[in-house]
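Fold and contact review
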Amino acid sequence: MFQKNRGRTAFYKKGDPISFRLHNDKTTYTFQILGFEDSVFVVSNYKINPKEISHLYVDEKTKIWYVFKYKYEKIFFLASIGYFLASVINEKTVTKEAATISGSLGGAAILARLLVNNKIRIKGKRRLVISDNCP
């Protein structure tokens, strides 16, 4: 299980995919969990100790903890298209102002995609633990 803090915990089970980085290694590893043994989990032909993992990548189990962080891109993109369509429908033509505002919102969507980090650093209260008490 991955504990972000007392109230937020993600449980990983056999068969779940997991993406992570190891200490002193910039490579992203993505595996399907094949099982658990003692204090390690088994992926592919490797046994990995959770203490060796420095970063966990955001997945569907952890994405729900962030209300807006991973939605900025979609919000700006939809606002860009919506503003452009509303302007064209109301004005019956494409105006320079509508194109500028719509383009700015589209640019904000691209920036959100580039700037929002999808890694969670495992440090302090955030920890990855193997436990028998998982639901």
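Throughout what follows, the structure given in this document is the object of discussion. (Residues numbered from 1 in each chain as written. Predicted model: local features only at pLDDT ≥ 70, side-chain atom pairs only at ≥ 80, totals over all residues. Heavy atoms only, no water.)

Bringing a nonpolar patch on the surface into the picture now. Judged by side-chain polarity, Phe-77, Leu-78, Ile-81, Leu-85 and Ile-89 come together as a nonpolar surface patch covering roughly 510 Å² of accessible area. Among the structural elements, Ile-89 can be located in helix α2 (residues 72–91). (Patch = residues over 30% accessible without salt bridge, like charges linked within 9 Å, V, L, I, M, F, W, Y side chains within 5 Å. Areas by Shrake-Rupley, 256 points an atom, 1.4 Å probe, with all protein chains shown as cover. Salt bridge = Lys/Arg side-chain N within 4 Å of Asp/Glu carboxyl O. Helix = DSSP H or I, 4+ residues; strand = E, 2+ residues; numbered from the N terminus.)

Attention now moves to the nonpolar core. With 19 residues, the main nonpolar core has Phe-2, Phe-20, Phe-41, Ile-53 and Leu-56 as its most contacted residues. Residues within four places of Phe-41 in sequence aside, it is in contact with Ile-18, Phe-20, Ile-33, Gly-35, Phe-36, Tyr-46, Lys-47, Ile-48, Pro-50, Ile-53 and Ile-130. (Core = buried A, V, L, I, M, F, W, Y, C linked by side-chain atoms within 4.5 Å. Buried < 20%, exposed > 50% of the residue type's maximum accessible area, 1.4 Å probe, protein only. Contact = heavy atoms within 4.5 Å.)

Moving on, we get to the environment of Lys-61. You can see Lys-61 is positioned in helix α1 (residues 60–63). By relative accessible area, Lys-61 is classed as partly exposed at 29%. Separated by 50 residues in the primary sequence, Lys-61 and Phe-11 place their C-alpha atoms 8.0 Å from one another.

It is worth spelling out helix α3 (residues 96–115) at this point. When the terminal C-alpha atoms of α3 are compared, their 28 Å separation across 20 residues agrees well with the 28 Å that a helix rising 1.5 Å per residue should span. Residues of α3 that are buried: Ala-98, Ser-102, Gly-106, Ala-109 and Ala-112. The buried side chains of α3 occupy one side of the element, clustering within an arc of 110° when seen end-on. Pointing more than 90 degrees away from the buried face of α3 are the exposed residues Lys-96, Glu-97, Ile-110, Leu-114 and Leu-115. Residues of α3 that are buried in the fold lie against α2. (Expected span 1.5 Å × (residues − 1). Arc of directions from axis to C-beta.)

The next subject is the pattern of salt bridges. Two side chains bearing opposite charge may form a pair once their charged atoms approach each other closely. Applying the stated rule across the entire model yields 2 salt bridges. In this structure, Glu-37 and Lys-47 form a salt bridge, with 2.8 Å as the shortest nitrogen-oxygen distance. Note that Glu-37 is positioned in strand β4 (residues 29–37) and Lys-47 in strand β6 (residues 46–48), a separation of 10 residues in sequence. Here Glu-37 falls in the partly exposed class, since its relative accessible area comes to 36%. With its nearest N and O atoms 3.0 Å apart, the salt bridge here joins Glu-73 to Arg-113.

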